[in-house]
2 protein chains.
Amino acid sequence: MTSPFATRTGKSNDEIELGTDFAPKFDEKGLIACIVTDSDSGDVVMFAYMNAESLQLTLETKEAHYWSRSRQELWHKGATSGNVQDVIELRTDCDQDAIWIMVRTRGATANCHQGYKSCFYRSAELKNGAPHLTFKEDKPLFDPKDVYK
Amino acid sequence: MTSPFATRTGKSNDEIELGTDFAPKFDEKGLIACIVTDSDSGDVVMFAYMNAESLQLTLETKEAHYWSRSRQELWHKGATSGNVQDVIELRTDCDQDAIWIMVRTRGATANCHQGYKSCFYRSAELKNGAPHLTFKEDKPLFDPKDVYK
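Residues numbered from 1 in each chain as written. Chains lettered and ligands numbered in written order. Predicted model: local features only at pLDDT ≥ 70, side-chain atom pairs only at ≥ 80, totals over all residues.

Engineer: Which residues make up the overall build of chain A, and what are the values?
Structural biologist: The number of helices and strands found in chain A is 3 helices and 8 strands. In terms of principal-axis extent, the alpha carbons of chain A reach across some 50 × 40 × 30 Å. The 149 residues of chain A split such that 37% are buried. Across chain A, the fraction of contacts at a sequence separation of at least 24, relative to all contacts at a separation of at least 6, is 42%. (Helix = DSSP H or I, 4+ residues; strand = E, 2+ residues; numbered from the N terminus. Buried ≥ 20, exposed ≤ 12 C-beta atoms within 10 Å, placed from the backbone. Contact = placed C-beta atoms within 7 Å.)

Shown next as structure tokens:
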């Protein structure tokens, strides 16, 4: 697959930050951070990584593709469960080293493998000086044991 | 500074993902990814990294602290400009390797050094098969040249 992305070589900071060429910066492992929000609620539902191939596929198909660091493979989210994430909009930041996609998740709305709508289902606060987590979602939308066998 | 965070050593996946101990996973550089959203609009305004010290300071002061990778130093956002980010809520994700903070930015609402409200001021789309960026914010809220001298 030929890379469709612009090269960063020879570009000034301003050309990257204020230009219209899409020249994403992949890290030393070939990955770029990807923030995923629900396009309706605005909540952050996932944080994942993309490589060049998954970013290209996401742009082409308008379905979220990631790079699974644990499985070391291309990951078409929802390919087996049917809960595909349709990408409403894809953005990049000033220095183009992060991606933000706004998605609508088909079918069941859980985006987290633990069955929660968002992976960010716990908040952290200090209690008597020690950090403590509190659950912000009442209960999972599905039981992971029923879905991942 | 003694680390107030729980250790991950000896914890099962479920203990980390479904427990109430805050045991953040810092990468090999001692950093954890941090997504920053505007608590009013819900928009993603920044993506940055924290080390253990900046995460602890963020919890203690409820003002966003990061680790600046370019300057290799602790970064209290807004310390010089006055545009401090007050942290309304701090969350972590299932495997505790990412942070999401919801902030309200004091004074001028620009969070990006380019003067835009959000660093994510451009969207990417394919045009005739080639990715192209489009500006989504009309103009910067300030001229970076006036602020960073």
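Engineer: Describe in detail the relation of the copies chain A and chain B, supporting the description with residues and values.
Structural biologist: Mapping chain A onto chain B is achieved by rotating through 180° and translating by 0.0 Å along the same axis, at an RMSD of 0.0 Å. Taken together, the turn and the small shift mark the pair as related by a two-fold rotation axis. Identified as the residue of chain A closest to the rotation axis by C-alpha distance is glycine 42 of chain A, at 2.8 Å. (Least-squares fit on C-alpha atoms with pLDDT ≥ 70 in both.)

Engineer: Run through the nonpolar core, naming residues and quoting values.
Structural biologist: Grouped together as the largest cluster of nonpolar side chains are 70 residues, with contacts concentrated most on Cys34, Ile35 and Val36 of chain A together with Cys34, Ile35 and Val36 of chain B. Setting aside its immediate chain neighbours within four residues, valine 36 of chain B contacts Val45, Met46, Phe47, Ala48, Ala64, Ile101 and Val103 of chain B. (Core = buried A, V, L, I, M, F, W, Y, C linked by C-beta atoms within 7 Å.)

Engineer: Describe helix H2 (residues 52-61) of chain B, with residues and values.
Structural biologist: Every buried residue belonging to H2 of chain B is among Ser54, Leu55, Thr58 and Leu59 of chain B, and all of these are buried. Summarising the axial view, the buried residues of H2 of chain B lie within an arc of 135°, below the 170-degree limit, and thus occupy one face. (Arc of directions from axis to C-beta.)

Engineer: Any details on the interface of chain A and chain B? Residues and values, ideally.
Structural biologist: It is common to report an interface's size as the accessible area lost on association of the parts. Of the residues lining the interface, 36 residues belong to chain A; the matching set on chain B comes to 37 residues. Of all the secondary-structure elements, those providing two or more residues to the side of chain A that touches chain B are helix H1 (13-18), strand S1 (31-38), strand S2 (44-51), helix H2 (52-61), strand S5 (85-92), strand S6 (98-105), strand S7 (122-127) and strand S8 (130-135) of chain A. Its residues assigned to classes, the side of chain A that touches chain B shows 21 nonpolar, 8 polar and 7 charged. Inspection of the sheet shows S7 of chain A paired to strand S5 (residues 85-92) of chain B by 2 bridges, in the antiparallel sense. Residue serine 123 of chain A lies in a different strand from S5 of chain B, and its bridge partner there is arginine 91 of chain B. (Nonpolar A, V, L, I, M, F, W, Y, C, P; charged D, E, K, R; others polar. Pairing = 2+ DSSP bridges.)

Engineer: Go over the sheet that holds strand S7 (residues 122-127) of chain B with me, naming the residues and quoting the values.
Structural biologist: Here 6 strands make up an open sheet; going across it, the order is S2(A)-S1(A)-S6(A)-S5(A)-S7(B)-S8(B) and the pairing mixed. Each end of this open sheet is capped by a strand with a single partner; those strands are S2 of chain A together with strand S8 (130-135) of chain B. Sheet twist, expressed as the mean angle between neighbouring strand axes with direction ignored, is 35°. Bridge count between S7 of chain B and S8 of chain B: 6 bridges; the pairing is antiparallel. (Axes fitted to C-alpha atoms, helices over the stretch in contact; angles between N-to-C directions.)

Engineer: Provide a residue-level description of the pairing of strand S4 (residues 73-76) of chain A, including the pertinent values.
Structural biologist: All names here are of chain A. In the sheet, strand S3 (residues 65-68) pairs with S4 via 4 bridges, with the strands oriented antiparallel. Of the residues in S4, the one forming a bridge with serine 68 is glutamate 73. Linking S3 back to S4 in an antiparallel pair, the connection comprises 4 residues, with glutamine 72 at a positive phi of about 55°.

Engineer: A description of the sheet that holds S7 of chain A should follow, citing residues and the corresponding values.
Structural biologist: Pairing within the open sheet is mixed, and its 6 strands lie in the order S8(A)-S7(A)-S5(B)-S6(B)-S1(B)-S2(B). Two strands in the sheet have a free side with no partner beyond their single neighbour: S8 of chain A together with strand S2 (44-50) of chain B. Put simply, the sheet's adjacent strands are angled 35° from each other on average, direction ignored. Here strand S1 (residues 32-38) of chain B runs beside S2 of chain B; their pairing, made up of 6 bridges, is antiparallel. Its bridge partner lying in S2 of chain B, valine 36 of chain B is registered against methionine 46 of chain B.

Engineer: An account of the UniProt feature "binding site: Mg(2+)" (unreviewed entry) in chain A is requested, with residue identities and associated values reported.
Structural biologist: Under the UniProt annotation, the feature "binding site: Mg(2+)" (unreviewed entry) is placed at Asp93, Asp95 and Asp97 of chain A. Sequence-distant contacts of aspartate 93 of chain A, that is, excluding residues within four places in its chain, are made with Ala98 of chain A together with Phe47, Cys119 and Phe120 of chain B. Ignoring sequence-local partners within four residues, the contact set of aspartate 97 of chain A consists of Lys25 and Ile32 of chain A. (UniProt positions renumbered as here; feature names shortened; annotations may be inferred.)

Engineer: Tell me about the environment of methionine 50 of chain A, and name the residues and values.
Structural biologist: Residue and element names in this part refer to chain A. Mapped onto the elements of the fold, methionine 50 is located in strand S2. Sequence separation between methionine 50 and cysteine 34 is 16 residues; the distance between their C-alpha atoms is 6.6 Å. Setting aside chain neighbours within four positions, we find methionine 50 in contact with Leu31, Ile32, Cys34, Leu55, Thr58, His65, Tyr66, Trp67 and Ile99.

Engineer: Kindly report on unusual backbone geometry, identifying the contributing residues and their values.
Structural biologist: Excluding glycine, residues mostly carry a negative phi; peptide bonds, for their part, are mostly trans. Of note in this structure, glutamine 72 of chain A is not a glycine but carries a positive phi near 55°. A tally of 7 C-beta atoms within 10 Å means that glutamine 72 of chain A is categorised as exposed.

Engineer: Give a description of the confidence of the model for chain A that names residues and reports values.
Structural biologist: Confidence in the prediction of chain A, expressed as mean pLDDT, is 92, and 96% of residues score 70 or more. We note a pTM of 0.93 for the whole complex and an ipTM of 0.92 for its interfaces. (pLDDT = per-residue confidence, 0-100.)

Engineer: Tell me what's going on with the pairing of S1 of chain A, and back it up with residues and numbers.
Structural biologist: All names here are of chain A. Along S1, 6 of the 8 residues are buried, which leaves the element largely enclosed by surrounding structure. The pairing of S1 with S2 spans 7 bridges and is classified as antiparallel. By the bridge criterion, 6 bridges tie S1 to S6 in an arrangement that is parallel. Following the sheet pairing, threonine 37 is matched in S6 by methionine 102.

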